[in-house]
Amino acid sequence: MEAKCTSEEEAQAQMDIWKYVFGFTEMAVVKCAIELKIADVLESHDGRPMTLPELSSALGCSPPILYRIMRFLIHRKIFKEISVGHESTGYVQSPLSRLLMKNGDNSMAAFVLLESSPVMVAPWHGLSARALEIGASAFTAAHGEDVWRYAAANPSHNKLINDAMACHARVAMSAITEIYADVFEGIGSLVDVGGGDGTTIGILVKKCPWIRGINFDLPHVISSAQNWDGVEHVGGNMFEKIPKADAAFLMWVLHDWGDDECINILKKCREAIPGDTGKVIIAEAVIDEGEEDKFKNVGLALDMVMMAHTDKGKERTFKEWTNVLSAAGFTRYTVKHIQVVQSVIEAYP
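Residues numbered from 1 in each chain as written. Predicted model: local features only at pLDDT ≥ 70, side-chain atom pairs only at ≥ 80, totals over all residues. Heavy atoms only, no water.

So, about the overall build of the chain. Counting its secondary structure elements, the chain contains 17 helices and eleven strands. Radius of gyration (C-alpha) of the chain: 23 Å, near the 20 Å computed for a compact globule of 349 residues. Dimensions of the chain along its principal axes, counting C-alpha atoms only, are 70 × 60 × 40 Å. When burial is assessed residue by residue, the chain has 47% of its 349 residues classed as buried. Within the chain, counting contacts between residues at least 6 apart in sequence, those at least 24 apart form 63% of the total. Here the chain has roughly 18,200 Å² of accessible surface; of this, 55% comes from carbon and sulfur atoms. Taken as two groups, the 33 positive and 46 negative side-chain charges of the chain have centres that lie 2 Å from each other. (Helix = DSSP H or I, 4+ residues; strand = E, 2+ residues; numbered from the N terminus. Rg over C-alpha atoms; globule rule 2.2 N^0.38 Å. Buried < 20%, exposed > 50% of the residue type's maximum accessible area, 1.4 Å probe, protein only. Contact = heavy atoms within 4.5 Å. Areas by Shrake-Rupley, 256 points an atom, 1.4 Å probe, with all protein chains shown as cover. Lys, Arg positive; Asp, Glu negative; His and termini not counted. Charge placed at Lys NZ, Arg CZ, Asp CG, Glu CD.)

Glancing now at the UniProt feature "domain: O-methyltransferase dimerisation" (unreviewed entry) in the chain. UniProt's feature table lists "domain: O-methyltransferase dimerisation" (unreviewed entry) at residues 18–102, given in the numbering used throughout. Across residues 18–102, helical content stands at 56% and strand content at 13%; the span's end C-alpha atoms are separated by 31 Å. (UniProt positions renumbered as here; feature names shortened; annotations may be inferred.)

The buried fraction of helix α13 (residues 199–207) amounts to seven of the nine residues, a majority that puts the element mostly inside the structure. Those residues of α13 hidden inside the fold are in contact with α12 (155–179), β3 (189–193), β4 (212–217), β5 (231–235) and β6 (247–251).

This next bit is on unusual backbone geometry. Positive phi, close to 55°, is recorded for D46, a residue that is not glycine. With respect to the helices and strands, the residue D46 is situated in the loop between α3 (38–43) and α4 (52–59). Unusually for a residue other than glycine, K77 sits at a positive phi of about 65°.

The next subject is the pairing of β6. Buried residues dominate β6, accounting for five of its five residues. Of the two faces of β6, both are covered, the one formed by A247, F249 and M251 as well as the one formed by A248 and L250. Pairing geometry for β3 and β6, over three bridges, is parallel. Within the sheet, the bridge partner assigned to V191 lies in β6 and is A248. As defined by bridge partners, β6 adjoins strand β7 (residues 279–284) across five bridges and the pair is classed as parallel. Bridging from a neighbouring strand, M251 pairs with A283 of β7. Once you follow β6 into helix α15 (residues 259–272) and on to β7, the crossover reads as right-handed. (Pairing = 2+ DSSP bridges. Right-handed = clockwise from strand over helix to strand, strands pointing away.)

Spatially, β5-β4-β3-β6-β7-β11-β10 is the arrangement adopted by the seven strands of the open sheet, whose pairing is mixed. Edge positions in the sheet fall to β5 and β10 (332–337), since each of these pairs with one other strand and no more. Taken pair by pair, the neighbouring strands of this sheet meet at an average axis angle of 20°, ignoring direction. Most of the contacts of helix α17 (residues 318–327) go to β10, to which it runs at about 145°, and overall it touches β7, β10 and β11 (343–348). (Axes fitted to C-alpha atoms, helices over the stretch in contact; angles between N-to-C directions.)

For the rest of this paragraph, the subject is the pattern of salt bridges. In total, this model carries 13 salt bridges according to the counting rule given. Of the charged contacts, one joins R98 and E43 as a salt bridge, the two residues approaching to 3.1 Å between their closest N and O atoms. Here R98, found in helix α6 (residues 95–98), pairs with E43, found in helix α3; they are 55 residues apart in sequence, far enough to count as distant. Take E43: its relative accessible area is 30%, and that puts it in the partly exposed class. Notably, a salt bridge pairs R149 with D146, separated by 2.7 Å at the nearest N-O pair. (Salt bridge = Lys/Arg side-chain N within 4 Å of Asp/Glu carboxyl O.)

Now the structure itself:
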């Protein structure tokens, strides 16, 4: 029996379809705002509103074009507009616009610049071919090699990835260490597997100075890692051997790989930690198919990102995590939800 739509549903559909016709514009205009440094300039004005002439002069922009860009962003509550006098308005920051500052404490600007880069946008045009299993993965079809080999051969793109992961690490690790600091109690040494430029383990060691940190990643990634007190950088391949430590930590690593690869990585982690006291701490999304949470849309979008940018990566449900962990030889595990897209999974041999 055919389900009939109400007139209200039909009217709503006629409105909603435009989100998908012009869906790319929000990312593109936000990227433009970051590149123009609009948020940075407003922040440097010590909280005082800037009029259109002041802001356009500071940015070196065309006033009419900047007006239209700001109108778009204000409508989406990214910036604010307030009265500054008779028939005059000025622009000020919002909590959201501060996340677009290139050097803000919780900036997500580098992540936007990565995902909106031509390299990362190109694979999306091959998503239907991926679904039909025609040829290579979407990223490989667009660039001739997978994302990791491409990054190794292209230092500028490798930097985009490292910068994006570092800005994400600052947000995620702040939440993890504030809400679940007890996860790291009693750990003398910890290896961050796939730790990128070292930001994640560097932040953790600063918050938990009793931990000796090991930042472990591919040699070309480690070559540009930052120096952090209490952190040793080690280059290698997680599919072959992982440095010994009391515990292993993986954040946004396993979602890049299929189940077989994840099981292999987790087995290598299990070999690297003590069998009686060791544990593996995983920070990844856990997709709850039964109920809604405020980050579910992010988790589902991230799953599409994995489909476009990796060969076999995906976001996993609790049941899928259970299957992977059990196959890797972990006998018990707990899941703790935090106020970011990831949950914290503690797995014990």
